[in-house]
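Commentary on secondary and tertiary structure
These are the residues of each chain, in order.
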Amino acid sequence: MALVPYEEGAGWGARQLHSPSATYRFARHTVRVRQDWRRLGVAAVVWDAAVVLCAYLEIGDIDLQDRSVIELGAGTGLVGIVAVLLGTKEPVHQILYLWTSIVCLRHILLYCLGARVTITDRAAALEFLESNVQANLPSELRRRAVVKELTWGKDLSNFPPGAFDFILGADIVYLEETFAELLQTLEHLCSEQTVILLSCRIRYERDHKFLNMLRGHFSVYEVHYDSSKDIHIYKAQRGSRKDDF
């Protein structure tokens, strides 16, 4: 969400962050996203939390098919792109490709069966975000992804309350001045059934503060920890639910 450039220089992953692109393999697709640190700062590079969340969505066997998904603070859009790809069942592709005479039916079924993913960030990042989405989704899946402006705590009337099955966020918990607005946004977007998945590295005491704020409104559980990258994934739901996906 935030467009706050860090100071340039050596340090953790600096070379990777300043690379013009980053390439990954998820959902049987190669995903190559543009990066633009100099123009947009932290909003335009891929952080470890996004990569770990994508891997968790894939290997965790989380069913996104025919689900409504929203990504907050999408940045490069990697997580939202992967959600669209994972939300379309590969067997459907294989079967329908055999029926070349009814290729239009293939497009209809992909539209009906796939995940519906809203990929959000602040206005300044949208053109960059849209370019990555368009470049990495097959033409028949692009209608499954909507890139939309969302500044936390604002613009909420543009999003139906409680309309999403999954809310995804990767490394969006780091600026304390945004915590109240982020929490307000989560509350607006959630229904009783909504699953929130937040992937983050715990860097500062203020990160624990946000988790405690979140626990005041949701049931929060750590569901995954990647020790190689020091990334935690937390699942949050309203009430005392601890449902399977």
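Residues numbered from 1 in each chain as written. Predicted model: local features only at pLDDT ≥ 70, side-chain atom pairs only at ≥ 80, totals over all residues. Heavy atoms only, no water.

This next bit is on the overall build of the protein. Within the protein one finds nine helices and nine strands. Looking at the protein residue by residue over its 245 residues, the buried ones come to 52%. Within the protein, counting contacts between residues at least 6 apart in sequence, those at least 24 apart form 74% of the total. Of the roughly 11500 Å² of accessible surface on the protein, 51% is carried by carbon and sulfur atoms. (Helix = DSSP H or I, 4+ residues; strand = E, 2+ residues; numbered from the N terminus. Buried < 20%, exposed > 50% of the residue type's maximum accessible area, 1.4 Å probe, protein only. Contact = heavy atoms within 4.5 Å. Areas by Shrake-Rupley, 256 points an atom, 1.4 Å probe, with all protein chains shown as cover.)

A few words on the side chain of Thr 120. Along the chain, Thr 120 turns up in strand S4 (residues 116–121). By relative accessible area, which is 0% here, Thr 120 ends up buried. Not counting residues within four places of it along the chain, the set of residues in contact with Thr 120 comprises Ile 70, Glu 71, Leu 72, Gly 73, Ala 74, Leu 129, Lys 148, Leu 150 and Phe 159.

Attention now moves to the packing of aromatic side chains. Under the counting rule described, the total for this entry stands at two aromatic pairs. On the basis of an interplanar angle of 25° and a centroid distance of 6.4 Å, the ring pair of Tyr 24 and Phe 26 is categorised as stacked. As far as the burial class goes, Tyr 24 and Phe 26 line up, both buried. Ring geometry for Phe 179 versus Phe 210: centroids 5.2 Å apart, planes at 55°, classification tilted. Of the two residues, Phe 179 sits in helix H8 (residues 179–189) while Phe 210 sits in helix H9 (residues 205–215), which places them 31 residues apart along the sequence. A relative accessible area of 1% places Phe 179 in the buried class. The positively charged end of Lys 148 is found above the aromatic ring belonging to Phe 159, 4.5 Å away from the centroid. (Phe/Tyr/Trp six-rings, centres within 6.5 Å; stacked < 30°, edge-to-face > 60°. Lys NZ or Arg CZ within 6 Å of the ring centre and 35° of its normal.)

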